[in-house]
Amino acid sequence: MPESLTESFPPAFLWGAATSAYQIEGAVREDGRTPSIWDTFSHTPGRTAGGDTGDIAVDHYHRYRDDVALMADLGLNAYRFSVSWSRVQPTGRGPAVQVGLDFYRRLVDELLAKGIQPALTLYHWDLPQELEDAGGWPERDTAFRFAEYARIVGEALGDRVDLWTTLNEPWCSAFLGYGSGVHAPGRTDPAAALRAAHHLNLAHGLGATALRSVLPARGRVAVSLNSSVVRPLSQGPADLAAARTIDDLANGVFHGPILHGAYPETLLAATASVTDWSYVLDGDLATARQPLDALGLNYYTPALVSAASGTADGPRADGHGGGDHSPWPGAEGVAFHQTPGERTEMGWTIDPEGLYELIMRYSAEAPGLPLYVTENGAAYDDKPDPDGAVHDPERIAYLHGHLSAVRRAIADGARVRGYYLWSLMDNFEWAYGYGKRFGAVYVDYTTLTRTPKSSAHWYAEAARTGTLPRPA
Ligand code: PNW
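None of the values given here were measured: they were computed from a predicted structure.

Some points on the overall build of the chain
For step 1, the next point in the chain: Helices and strands together make up the secondary structure of the chain, namely 15 helices and 13 strands.
For step 2, the next point in the chain: In summary, the chain has a C-alpha radius of gyration of 21 Å against a globular reference of 23 Å for 472 residues, a match within 12%.
For step 3, the next point in the chain: Here the C-alpha coordinates of the chain stretch approximately 55 × 55 × 45 Å along the principal axes.
For step 4, the next point in the chain: Of the contacts formed within the chain by residues at least 6 apart in sequence, a portion of 78% connects residues at least 24 apart.
For step 5, the next point in the chain: With the model as given, the accessible surface of the chain reaches about 16700 Å², and the carbon-plus-sulfur share is 53%.

Structure representation (structure tokens):
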């Protein structure tokens, strides 16, 4: 029997699923919630596929009890969700709205009652519109507003949530939001994107500090970064330099300040023609580098790059935005290539080895820090059979491959404490709208009925036994 069928995960391993507020909640005008940048963006013609919005999404705001019951039925022991800032502090400033906080309190209590550990993300891209109107993430003040919001949520829920994440994938907020413009707020200004990145680092540091001041001692503080695996097309010096540039712009720009208190020198050099970094003030980098209790890694697919040549692909289309504007300021000399191999419905190549590489890299770069895979998963064009069952063997194969990579990393000494499948259920996939289904649970968008796909049953079996069942 191959080793992969016998080896187990550690008994305390977290088998989780992840979602985010704007992608699932709906109820965008209820209980005092005001628009976030994603409400504005999705309601702007031409921004999302089919003009889809999160107005209703999968109506989780009203169905959270059923959704938690479904997770419990599937035997999940962990759930990662995000809080909608606009529900809690509608203008991004000032006093908290109690009904907004109460929703998350009820959600968490429901989870705890079912033995499911909550992991709360404070910011998954939905900035209150008023803060964007005041300049958004390129403005320094936004970082201080975030810290205030972090303190409010920490005070309200610190007694019942132990695992806290400041930001989710700040790369997307900065470079897709202000650089390529394919995400909210849809701006296309490379210098603003780098300013946004810095203020997100500052926000993380200030937010982590605010959380520490209000959380009980058992509260743990983390951040979830999109941690890209960047491979050079060849080992030639020009391709290696191209890979360095993209690695800096994808990883170093956040991991640098947050883990090491510095931006990579090579990043500063590569972006010198775009920005002078004068908004990095004394003390900012020390603020960004707060002690962490865990690091979240989100992984989907690797990048393959070379020095640009006459035959380059141009800006990558496979998930980094496409569009006319590059999300990579200062990387005009870099070409992106399609990694060979099978792809998911997003066009993202399936490459579990990348997840192994990533985990081993951050195990070495942040020795001793517990790691969580805070997102990993795949979109497929799932359709119910006539009897209503939804079979998704491709997703099972994807999960099997990536969870095998996680287990191998654990065997090789990495401290991976848990895995959160993206996503619990089909939902609003940002600019792609409802056309891309990432869920382990199928959602019928007419009736909003939830049906666990075969991958959900497969994952439930893995969670129950602590080993990976054979892919169907
Ligand atoms: C992540 N890229 O988004 C997010 O955290 C989720 O909210 C999202 O639904 C999920 O992955 C699937 O897309 C990403 O362009 C969006 O590289 C874009 C990219 C990466 C991650």
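More follows now that the structure is in view.
Concerning the nonpolar core
For step 1, the next point in the chain: Formed by 138 residues in total, the largest nonpolar core has its most connected members in W137, V153, I359 and V406.
For step 2, the next point in the chain: Considering every element that reaches this core, the biggest residue donor is helix α9 (residues 190-214), with 11 residues.
For step 3, the next point in the chain: Excluding residues within four positions of it along the chain, I359 makes contact with L297, L371, V373, V406, A409, A414 and V416.
For step 4, the next point in the chain: Within the second largest apolar cluster, 15 residues are counted, among which are A119, Y300, M346 and W348.

Details of the packing of helix α7 (residues 141-157) against α9
For step 1, the next point in the chain: Running from N to C, α7 and α9 cross one another at 30°; their axes reach a closest spacing of 8 Å. When the axis of α7 is compared with that of α9, the two are roughly parallel. Seen along the crossing, α7 lies across α9 with a hand that is right-handed. Residues A143, F144, F146, A147, A150, R151, G154 and E155 of α7 pack against H199, L202, A203, L206, G207, A210, L211, S213 and V214 of α9.
For step 2, the next point in the chain: Grouping the constituent residues of the contact of α7 with α9 by class yields 11 nonpolar, 4 polar and 2 charged.

Structural notes on unusual backbone geometry
For step 1, the next point in the chain: In this structure, the amide linkage connecting A184 to the following residue, P185, adopts the cis form with an omega of 5°.
For step 2, the next point in the chain: Topologically, P185 is positioned in the loop between α8 (170-176) and α9.
For step 3, the next point in the chain: Cis peptide bonds are those with omega within 30 degrees of zero, and the linkage from W422 to S423 qualifies with 10°.
For step 4, the next point in the chain: For S423, the location among the structural elements is in the loop between β11 (416-422) and β12 (441-443).

Structural notes on the sheet that holds strand β4 (residues 163-168)
For step 1, the next point in the chain: Taken in spatial order, the 8 strands of this closed barrel run β1-β2-β3-β4-β5-β7-β10-β11, and their pairing is parallel. Within the sheet, the average angular offset between the axes of one strand and its neighbour, ignoring direction, is 25°.
For step 2, the next point in the chain: For strand β5 (residues 220-226) and strand β7 (residues 294-298), the ladder comprises 5 bridges, and the chain directions are parallel. Residue pairing across strands places S224 opposite G296, the latter belonging to β7.
For step 3, the next point in the chain: Sheet strands touched by α7: β3 (117-123) and β4. Its angle to β3, the strand with the most contacts, is close to 160°.

Focus on the confidence of the model for the chain
For step 1, the next point in the chain: Averaged over every residue, the pLDDT of the chain is 95; residues scoring 70 or more account for 96%.
For step 2, the next point in the chain: The low-confidence segment residues 311-320, where pLDDT is below 50, has 21 contacts with residues more than four positions distant or belonging to other chains.
For step 3, the next point in the chain: In the predicted assembly, ipTM is 0.91 and pTM is 0.96.

Here's the deal with the pairing of β5
For step 1, the next point in the chain: The buried count for β5 comes to 6 of 7 residues, which makes it a mostly enclosed element.
For step 2, the next point in the chain: Pairing between β4 and β5: 4 bridges, direction parallel. Looking at the pairing, W164 lines up with V221 of β5.

A closer look at the packing of aromatic side chains
For step 1, the next point in the chain: Scanning all chains against the criterion turns up 37 aromatic pairs.
For step 2, the next point in the chain: Geometrically, the ring pair formed by W15 and Y459 is edge-to-face, given 5.9 Å between the ring centres and 70° between the ring planes. With W15 in strand β1 (residues 14-18) and Y459 in helix α15 (residues 454-465), this residue pair connects regions lying 444 residues apart in the sequence. Y459 matches W15 in its accessibility class, with the two residues each being buried.
For step 3, the next point in the chain: Each ring, one from Y22 and one from F428, has its centre 5.4 Å from the other, and the planes form 85°; the classification is edge-to-face. Pair noted here: Y22 is in helix α1 (residues 21-24) and F428 is in the loop between β11 and β12, with a separation of 406 residues, a long-range link.

Here we look at helix α13 (residues 352-365)
For step 1, the next point in the chain: Across its 14 residues, α13 extends 20 Å between first and last C-alpha, which sits within 8% of the 20 Å expected from 1.5 Å per residue.
For step 2, the next point in the chain: Of the positions making up α13, those classed as buried are G354, L355, Y356, L358, I359, Y362 and S363.
For step 3, the next point in the chain: Contacts from the buried residues of α13 go to β6 (230-232), α10 (237-260), β7, β10 (371-376), α14 (393-411) and β11.

Topic: the sheet that holds strand β8 (residues 303-307)
For step 1, the next point in the chain: An order of β6-β8-β9 is seen for the 3 strands of this open sheet, with the pairing classed as mixed. This sheet does not close on itself; its edge strands, each paired only once, are β6 and β9 (334-337). Geometrically, the sheet is characterised by an average inter-axis angle of 40° between neighbouring strands, direction not taken into account.
For step 2, the next point in the chain: Helix-sheet contacts for α10 involve β6, β8 and β9, and the interaxial angle to β8 is about 130°.

Some points on the pattern of salt bridges
For step 1, the next point in the chain: Throughout the structure, instances matching the rule amount to 32 salt bridges.
For step 2, the next point in the chain: The shortest N-O distance in the salt bridge between D159 and R160 comes to 3.0 Å.
For step 3, the next point in the chain: Where K453 meets D426, a salt bridge forms, and the shortest distance between an N and an O atom there is 2.8 Å. Highlighted residues: K453 in the loop between β13 (450-452) and α15 and D426 in the loop between β11 and β12, separated in sequence by 27 residues. Each of the two residues, K453 as well as D426, counts as buried.
For step 4, the next point in the chain: Through salt bridges with shared partners, one network takes in D382, D392, R395, D426, R437 and K453.

Calculation rules
- Residues numbered from 1 in each chain as written.
- Predicted model: local features only at pLDDT ≥ 70, side-chain atom pairs only at ≥ 80, totals over all residues.
- Heavy atoms only, no water.
- Helix = DSSP H or I, 4+ residues; strand = E, 2+ residues; numbered from the N terminus.
- Rg over C-alpha atoms; globule rule 2.2 N^0.38 Å.
- Contact = heavy atoms within 4.5 Å.
- Areas by Shrake-Rupley, 256 points an atom, 1.4 Å probe, with all protein chains shown as cover.
- Core = buried A, V, L, I, M, F, W, Y, C linked by side-chain atoms within 4.5 Å.
- Buried < 20%, exposed > 50% of the residue type's maximum accessible area, 1.4 Å probe, protein only.
- Axes fitted to C-alpha atoms, helices over the stretch in contact; angles between N-to-C directions.
- Parallel < 35°, antiparallel > 145°, perpendicular 65-115°, else oblique.
- Left-handed = near helix turned anticlockwise from the far one by under 90°.
- Nonpolar A, V, L, I, M, F, W, Y, C, P; charged D, E, K, R; others polar.
- Pairing = 2+ DSSP bridges.
- pLDDT = per-residue confidence, 0-100.
- Phe/Tyr/Trp six-rings, centres within 6.5 Å; stacked < 30°, edge-to-face > 60°.
- Expected span 1.5 Å × (residues − 1).
- Salt bridge = Lys/Arg side-chain N within 4 Å of Asp/Glu carboxyl O.

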